[in-house]
Amino acid sequence: MASTSNSTSSKIITLRSSDGEVFEVEESVALESNLIRRMMEDDCANNIIPLPNVTAPIFYLVIEHCKKHAEMKDNKEKKKELRSQGEELLKSDPHTYSNLMEAVNYLDIKSLMDLTAQWLADFLKGKSPRLIRELLKIKNDFTPEEEAEILERNRWAFD
Amino acid sequence: MEAVEAYADLQRSGVRVQAPLVDSVTCYCRVDSSLKTVSGARKFVPGSKLCMRPDIKPHAHKSKNSRKERNRTHAPLLPGLPDDLAIACLIRVPRVEHRKLRLVCKRWHRLLAGNFFYSLRKNMGMAEEWVYVIKRDRDRKISFHAFDPIYQLWQPLPPVPGEYSEALGFGCAVLSGCHLYLFGGRDPLRRSMRRVIFYSARTNRWHRAPDMLRKRHFFGSCVINNCLYVAGGECEGIQRTLRSAEVYDPNKNKWTCIAEMSSPMVPFIGVVYDGKWFLKGLGSHRQVMSEAYLPATNNWAPVNDGMVAGWRNPSISFNGKLYASDCWDGCKLRVYDEVTDSWNKSLDSKLHLGNSRAWEAAALVSINGKLCIIRNNMSICMVDVSSPDKHAESNATLWENISGSGHLMTFVTNLWSSIAGRNGVKSHIVHCQVLQA
């Protein structure tokens, strides 16, 4: 994805978040976003690129993770560390997680999309349906009879 | 393949299906409105179009309980996230967790029992393969088990439907990668059967499929181009062995007759190799004979070459090569060499386990690109036959045990059976297949 960015890595791109904050980002980092890449290809690189769907705090997070992701490419330890951060974020601040994921999706950053989606998938592992509902604020819309029926039909053990 | 078609449909309608980067406006209403029942799921097979276009309103699919429908479209899969992003997360959850996820809420339950979800997993390369074992226990009852090779866990499954609970001589095959079919056979009460049923790894349920045209048991079967072929065998009430053969196409949902074999046969071994279906069995005078069927020309021809001569159970056609067990416990495999028309090559684990019924190699299957040997005691051994190692023939490190003998379930049933009485019938594997989901 960032193969073309090496030759011009010193170039700085200016971006503006929805709440008006202006960011200066290295081109190699900015180009991780397919959205920004497309905008630059359409020749708006000389101006400030507006990002009407992303707020400043979320954009900070995105850039931070983009950089981390670039660093950990060949580092398994860091990869593990980054993958384990999702658990904390989802537990402490699911709202920020949702915003981060939506921003990543909007900016079209594949590596971070994989990462954030994997966070949630990992988060669900080993948790009971009740705990999942509680943590993610999902309403249990099964009637007790329906729940019993599904359990009976599948007959698998739960802790 | 239905998944491929569904994928092509998505592409035609211009929707990105790469899970990481999805359209927030995409409409998944069809998934919700039609996949809640088994009959609904059938509507969803090849050719049917997914409503994926944002310009179609979810309410366009009105059904009798439209209010319910609307409420459902309004409740997100994950509060705070658009559904497509939620799905991008959920398809990454390992299969071993899926049963649990189905219990979270109704929408998750519907999503995780549907073709949409599993087609996406397949297209994204996230589908996982499990080994499915159909076993006859000491009490002569058929039991059904699944093994997850990644987490190395045995999984409970819904029991095999009644008509197959004590059946003999029935066939077993996989169509579309995720449907395990049982067909024909002989029930002690109902005699020969025409019956066809299948288990879907997606819905985790058994379903009915159209009956075969002819009742038969102890016949041969195979899958070519996702069509199920059956041939020969016996039929209760008729004294002679069968010559007839038929094919089932899941897309047409129909059985049709194909050319009859040149002579009647009760096959005991079969394989699809080099585009042909080879069958070896006993003829009407109990003589050993072999035939090969070529689907392209719809004809049978007797075979008498080195391949059938040295061919024995269990065997498998894997990556264009034929493998067969060369030792009772499958600790050694032989490979067919087309050039010399002989089974002169072999792979040896150098670890002989025993000659008891329990250690008998019951089946060879392909899982995650490796060859697996499954023994009657449910132990599973994986061999990396495609290893470029020059000394692969005698390299024991290419062999890996992924499941020990006698997991708890087998242990308990075996213990119980041995208390109940040793009547000579030992538990053994009848069929073994691999399903993706």
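Residues numbered from 1 in each chain as written. Chains lettered and ligands numbered in written order. Predicted model: local features only at pLDDT ≥ 70, side-chain atom pairs only at ≥ 80, totals over all residues. Heavy atoms only, no water.

Peer 1: Could you clarify how one ought to interpret the overall build of chain B in this entry?
Peer 2: Scanning chain B from terminus to terminus reveals 10 helices and 26 strands. Considering chain B as a whole, with its 437 residues, one finds that 55% of them fall into the buried category. Within chain B, residue pairs in contact and separated by at least 24 positions form 54% of the contacts whose partners lie at least 6 positions apart. Here chain B has roughly 19100 Å² of accessible surface; of this, 51% comes from carbon and sulfur atoms. (Helix = DSSP H or I, 4+ residues; strand = E, 2+ residues; numbered from the N terminus. Buried < 20%, exposed > 50% of the residue type's maximum accessible area, 1.4 Å probe, protein only. Contact = heavy atoms within 4.5 Å. Areas by Shrake-Rupley, 256 points an atom, 1.4 Å probe, with all protein chains shown as cover.)

Peer 1: How should I be thinking about the sheet that holds strand E10 (residues 220-224) of chain B in this particular structure?
Peer 2: Through backbone hydrogen bonds, the strands of a sheet pair up, either in parallel or in antiparallel fashion. Residues and elements named next belong to chain B. The strand order across the open sheet built from 4 strands is E10-E11-E12-E13, with neighbouring strands paired in antiparallel fashion. A single partner strand is all that each edge strand has here, and the edge strands are E10 and strand E13 (254-258). With strand direction ignored, the average angle separating the axes of adjacent strands in the sheet is 25 degrees. Two strands pair when backbone bridges link them, and strand E12 (residues 245-249) and E13 are joined in this way by 5 bridges, in the antiparallel orientation. Its bridge partner being in E13, Glu 246 is matched across the sheet by Cys 257. (Pairing = 2+ DSSP bridges. Axes fitted to C-alpha atoms, helices over the stretch in contact; angles between N-to-C directions.)

Peer 1: How should the interface of chain A and chain B be read in this particular structure?
Peer 2: Many descriptions give the size of an interface as the accessible area lost when the pieces come together. On the side of chain B, 36 residues touch chain A, which itself brings 39 residues to the contact. Of the roughly 3100 Å² buried between chain A and chain B, counting both surfaces, carbon and sulfur atoms make up 66%. The interface formed by chain A and chain B includes 2 salt bridges. Between Glu 146 of chain A and Lys 106 of chain B there is a salt bridge; the shortest N-O distance is 3.5 Å. On the surface where chain A and chain B come into contact, there are 7 residue pairs in polar contact (both at pLDDT 80 or more). Elements that contribute at least two residues to the side of chain A that touches chain B include exactly helix H5 (94-107), helix H6 (110-124), helix H7 (129-136) and helix H8 (144-154) of chain A. With 8 residues, H6 of chain A is the single largest residue contributor to the side of chain A that touches chain B. Along the lines of polarity and charge, the residues of the side of chain A that touches chain B split into 17 nonpolar, 8 polar and 14 charged. (Buried area = accessible area lost by both parts, 1.4 Å probe. Salt bridge = Lys/Arg side-chain N within 4 Å of Asp/Glu carboxyl O. Polar contact = N/O pair within 3.5 Å; in protein donor to acceptor, adjacent residues only side chain to side chain. Nonpolar A, V, L, I, M, F, W, Y, C, P; charged D, E, K, R; others polar.)

Peer 1: Just checking my understanding: could you explain a nonpolar patch on the surface for this structure?
Peer 2: Together, Ile 150, Tyr 151 and Leu 153 of chain B give the surface a local cluster of nonpolar side chains, amounting to about 270 Å² of exposed area. You can call Tyr 151 of chain B partly exposed: its relative accessible area is 36%. (Patch = residues over 30% accessible without salt bridge, like charges linked within 9 Å, V, L, I, M, F, W, Y side chains within 5 Å.)

Peer 1: Explain the pattern of salt bridges to me, please; I cannot follow it from the model alone.
Peer 2: Where charged atoms from two side chains of opposite charge come close, those side chains can pair. Within this structure, the stated rule accounts for 23 salt bridges over all chains. Between Lys 127 of chain A and Glu 87 of chain A there is a salt bridge whose closest N-O contact spans 3.0 Å. Taken together, the residues Lys 127 of chain A in the loop between H6 and H7 and Glu 87 of chain A in helix H4 (residues 76-92) connect sequence positions 40 residues apart. For Lys 127 of chain A, a relative accessible area of 9% translates into the label buried. Owing to a relative accessible area of 30%, Glu 87 of chain A belongs among the partly exposed residues under this scheme. Across the salt bridge formed by Arg 186 of chain B and Glu 236 of chain B, the nearest N and O atoms sit 3.7 Å from each other. Taken together, the residues span a long stretch of sequence, with Arg 186 of chain B in strand E6 (residues 186-187) and Glu 236 of chain B in the loop between strand E11 (227-231) and E12 at a distance of 50 residues. Look at Arg 186 of chain B and you get partly exposed, because its relative accessible area is 25%. Given the relative accessible area of 32%, Glu 236 of chain B is considered partly exposed.

Peer 1: Before we go on, may I ask you to explain the side chain of Arg 133 of chain A in this structure?
Peer 2: Among the secondary structure elements, Arg 133 of chain A is positioned in helix H7. Apart from the residues within four sequence positions on either side, Arg 133 of chain A is in contact with Ile 138, Asn 140 and Glu 147 of chain A together with Leu 103 and Val 104 of chain B.

Peer 1: Help me understand the packing of H4 of chain A against H6 of chain A, please; the structure alone is not making it clear to me.
Peer 2: For any two helices packed against each other, one specifies the crossing angle of their axes together with the interaxial distance. All names here are of chain A. Contact geometry for H4 and H6: axes closest at 8 Å, N-to-C directions at 65 degrees. Compared by their axis directions, H4 and H6 come out roughly perpendicular. The handedness of the crossing between H4 and H6 is right-handed. Here Leu 82, Arg 83, Gln 85, Gly 86, Glu 87, Leu 89, Leu 90 and Lys 91 of H4 come into contact with H6, specifically with Leu 115, Gln 118, Trp 119, Leu 120, Asp 122 and Phe 123. (Parallel < 35°, antiparallel > 145°, perpendicular 65-115°, else oblique. Left-handed = near helix turned anticlockwise from the far one by under 90°.)

Peer 1: I tried to follow the sheet that holds strand E4 (residues 171-175) of chain B on my own but got confused; where do I start?
Peer 2: All names here are of chain B. Spatially, the 4 strands line up as an open sheet ordered E4-E5-E8-E9, and their pairing is antiparallel. Every interior strand has two partners, whereas the edge strands, E4 and strand E9 (205-209), have only one. Each strand of the sheet is rotated relative to its neighbour by a mean of 25 degrees, with strand direction disregarded. Inspection of the sheet shows strand E8 (residues 196-200) paired to E9 by 5 bridges, in the antiparallel sense. Note that in E9 the partner of Ile 197 across the bridge is Arg 208.

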